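Geometric and topological summary
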Amino acid sequence: MNRSSRPKNRNILKAFAEFDPSEAGDSPLIICSLSVSASSDDSETRIYAGTLTGSILLLSVQYPPSDRPAGVEVVRSTSVGRSAVEEIQNFTEISRLVALSEGFLFLLDVLLLQSIQKLEVSGATAIARRLVCSELASADPLGRVNLKSESFVSGQRLFQRFGGGNRANGLRSRAHGERKREEVHCFLAVAAGRKLKLLELSLQDGVSVSSKEILGVEGVRTIAWLDDSVIVGTLDGYLLFSTETGQSTPLFSLPEFSGPPQLRPLFKSKEALLFVDNVGVVVNSFGQPVGGSLVFQQVPESIADFPPYVFASGDGWVDFFRKSTGVCVQSTSYPKSNGRSCLVSCDDMGSGQFVVVATPFKIKCFQIISAEEQIKDLLRQKYFKEAISLVEECESEGEMSKEMLSFVHAQVGFLLLFDLHFEDAVKHFLLSDTMQPSEIFPFIMQDPNRWSALVPRNRYWGLHPPPTLLENVVDQGLAAIHRAVYLRKAGIDTTIEEDFLLNPPSKVHLLESAIENIIRYFLICRSKELSPFVREGVDTLLIYLYRALNRVDDMEELASSSNSCVVEALETLLEDSGHSRTLALLYASKGMDSKALVIWRKLAKTHSSRATDSALEASKILEKSSDQHLILKHLGWISDENADLAVKILSSERRSHQPSPEEVLAAIDPRKYEIGQRYLQWLIEDQDCDDPHLHTLYALSLAKSVVGIDEIGGKILTPGLSRNSVEDAGVEALRERLQLFLHGSDLYDAEQVLFVIEGSELWLEKAILYRKLGHENLVLQILALKLEDSEAAEQYCVEIGRPDAFMQLLKLYLDPQNGKEPMFKAAVRLLHKHGESLDPLQVLERLSPDMPLHLASETIKRMLRARVHHHRQGQIVSKLCHAVKVEAELARLEEMSRHVQISDESICNSCRTRLGTKLFAIYPDDSVVCYKCYRKLGESTSATGRDFREDRIFKPGWLVNRR
């Protein structure tokens, strides 16, 4: 059987009682109408069966069944005539029945004890009780209304005005205004001849009947009354009549060759079902289609509404439909009875708990199987898709909660898992919101384990075996397949997949598929919110599953990332299986650096091909570690594998505390000078270290790297460093770095560095060092004579800023000594650029007799001319300064000797008092103040507030030469 195929017949009903008149001793009876009514407490249900011979049987059914076997008991019977009882309407509100037989209506009490009353209605073809669908329905549908609308069918008037007022039907008549509030009213529509009668049945000291008639209604075959709308069906189509407005509205016409109209009220859902041949359309009280349509195999003769199902029956068949989807979920067939249809009925107006199905000769009572039991039954038959579909329908209609849908998805997943369909099982696990990853743990790790308490117990319906290891699941599944193969040969059908029977899978393939899909499930679960303990189990068991498939890359990726693995549960497993690398990554992710580094060191020694990789992983740990002891302990073997990694460890800024530079330098192998040098460079350039000792060490390291080994002299400056290695490292780059550092730093010991390079040809470096030491003459000798860099030498003299520096440089050019020829061109260039600042006499004294006169003559002339020019410029400036001084003194004298005339009317510019004969003072801005204000203001600030120290004043004639 294909587990995804649709079941041909789903069981939604279960028979619990049956009635056969022949077994009760009665003569054979043919049942042609049926009505069901439950008591108020649902403890007893009455069944009314109308027979072909005009009898009505009252049957009693106890529900729920008691301890004794359930059965149907005959209470009593009565006869309304000799013709068939075509229809029975139950009015429980007034404890009465209305039966239709031979075109007449009969009124009976519900216990069939009282005498039968015959209503004054003849030629009745269809009856329907009023179904109240909403609170907006009129409480008095027979009230006076003025019907003026007209409707025609086949050229004839269909509806006419109501007859004149209330008309008694022969039982009892009263005016509409005399009704009492305590009366109970029921309403019934009857199609009789060419009129439609609306009856009101009320209970007060007996049953009274009031009616209204609609004339001109012809050919009515079926009828339904919803709220204030009466829907009638004729051979031409369906029409809706409003009892409130008196208007009739055509709904739709029937096709020319269609069958007779069928109209069935759905009391539970407050709707009606209109048929066009075998298609039923659900309409509301306004005649508008709602929901979907129902397609029947034939035109049904009987309809029962039992939400969420609709039951339909005909000659020898009964179908059960789910109303929301229109799907036939169950079909039952019975022997045909010469055109006598099967009948279905339930308690339309109450809360009946079962459905009654009557064949012409037998009555059966069926209990509705709960949706949960239906789902279980589908799962037992392995109709998984159908079961899920049923749950989704129930959930969408509010019959089941979303948690139940998740529950069933999980249940289906476990059933599929034990059926060896692991991919589909995981799909359903993922669709379950309540499914916990811990429920999968027992399939991977043997109980008991540290997560056993997390697994829910006794949670599912018991449709699958208890959890066991995946290997056992596969073994049991394969054993079932082998048994099914033998049974199939013996002609016995089984529920095992056809594909499995034709091509039995191998154990290895099944185990691999199981593990792959469980891994997929766990990986998706990792992205969800899980409790810490569940997350531990998921990550730890993922390592188990990866190892089982030897997925080393995935195992290492998980171990190296942020995870919740339990290290203690994996140590032995990974060590014994040779996955030390994974264990080291796991140690590192958990902060167990020491254990991880031990493994990396061991792997580097035992697996030379992957030694660099081990060193790389170890460096990742040490870059973050602030443990100085751990760093220095493993620095050696890492530097043996890769010096760059060692430098990267030492220069890492990812750690919170840096190790001691002195201890780091002491731990570095002297033969690996480059590591220490790069470490010192990082300390100084990146960390702004200002330790003179470290600056000196760095300078010495650079100097030794540049100098190399003097093999000729046998003087070893850098142990283990050869000339070729220095050249390979790039001597020029090292020299440039050394020069920049020597020039830029003032913290190193220049004498120590000078000692290292003293015997080398590093003249520029020596010049820098001598300059640091203040040996100006040696610096000039190197720049002028060794490097022959006149510009640098002259610039150095400029920086010194003393004329004697230029004279010293000139002396070096003219008398280089040590057998070197005089540098006349450089001397002339020096005199040309800076000769003006030199003493001509000293220059002449320094000039060598061997210097060609034509090289220096022009320069000496310019020097002398410039000297005279400077002397004369100085005299001019001196005279000008003297003139300005004289002018200033004269202006001051004039200002001090100014006369000011004060009268009796003169006032102080500060306090505004009359000066009179008081002492006063006058400021350069001509403001006059009394002596008291002068003492207060002082000499620098006038009465106008002007501060002469910051805002000086000049008058015309000051500092201007007089003619």
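Quick note: structure is the one above.
In what follows, the accompanying structure is described.

**Thoughts on the overall build of the protein chain**
Across its full length, the protein chain holds 29 helices and 32 strands. Residues classed as buried in the protein chain amount to 46% of the 963 residues present. Put simply, of all contacts in the protein chain between residues at least 6 apart along the chain, 55% involve residues at least 24 apart. If you sum the accessible surface of the protein chain, you get close to 49,300 Å²; carbon and sulfur atoms cover 50% of it.

**Comments concerning the layout of surface pockets**
The method is simple in principle: a probe with the dimensions of a water molecule rolls over the atoms, and the space it marks as empty is what remains. Its volume calculated, the largest pocket comes out at about 1,200 Å³. Around the largest pocket sit 45 residues that line it, and Glu86, Glu87, Arg264, Glu301 and Ser302 are the ones nearest its centre. Among the secondary structure elements, those contributing two or more residues to the lining of the largest pocket are β2 (31-38), β6 (85-91), β10 (124-131), β16 (222-226), β20 (262-266), β24 (302-306) and β28 (343-345). Ranked by residues supplied to the lining of the largest pocket, first place goes to β2 with 6 residues. For the lining of the largest pocket, a count of residues per class yields 23 nonpolar, 12 polar and 10 charged.

**Examining the pattern of salt bridges**
All chains considered together, the criterion is met by 36 salt bridges. Across the salt bridge formed by Arg322 and Glu397, the nearest N and O atoms sit 3.4 Å from each other. Taken together, the residues span a long stretch of sequence, with Arg322 in strand β26 (residues 317-322) and Glu397 in the loop between α2 (384-396) and α3 (402-418) at a distance of 75 residues. Its relative accessible area of 0% is what places Arg322 among the buried residues. Note that Glu674 is salt-bridged to Arg678, the shortest N-O span being 4.0 Å. A residue pair is termed a helical-turn pair when its members lie 3 or 4 positions apart in one helix, as Glu674 and Arg678 do in helix α17 (residues 673-686) at 4 residues. Overall, Glu674 belongs to the partly exposed group, its relative accessible area being 41%. A network of salt bridges, in which partner residues are shared, links Arg322, Glu393, Glu397 and Glu399.

What counts, and where the lines are drawn
- Within every chain, residues take consecutive numbers counted from 1 along the sequence as written.
- Local features in this predicted model are restricted to residues whose pLDDT is 70 or higher, and side-chain atom pairs enter the listing and the counts only when it is 80 or higher, whereas totals over whole chains, interfaces and linings include all residues.
- Heavy atoms throughout the structure, all of them, feed into the side-chain values; hydrogens and water do not.
- Going along the chain from the N terminus, every DSSP run of H or I of four or more residues is numbered as a helix, and every run of E of two or more is numbered as a strand.
- Partly exposed describes any residue whose relative accessible area lies between the buried limit of under 20% and the exposed limit of over 50%, with all areas from a 1.4 Å probe on protein chains only and scaled to the type maximum.
- Should any heavy atoms of two residues lie within 4.5 Å, those residues are counted as being in contact.
- Every accessible area reported is derived by Shrake-Rupley at a probe size of 1.4 Å, with residue values counting cover from the shown protein chains alone.
- Whether a set of points on the 1 Å grid over the protein atoms alone is a cavity depends on a 1.4 Å probe fitting there but being unable to get out, while an open set qualifies as a pocket with protein on both sides within 12 Å along at least five of seven lines; lining residues are those with an atom within 4 Å of a point.
- Grid points are joined across faces, edges and corners, and a volume is the space filled by probe spheres set on the points.
- Gly is placed with the polar residues, together with every amino acid not listed as nonpolar (Ala, Val, Leu, Ile, Met, Phe, Trp, Tyr, Cys and Pro) or charged (Asp, Glu, Lys and Arg).
- We define a salt bridge as a side-chain nitrogen of Lys or Arg found within 4 Å of a carboxyl oxygen belonging to Asp or Glu.

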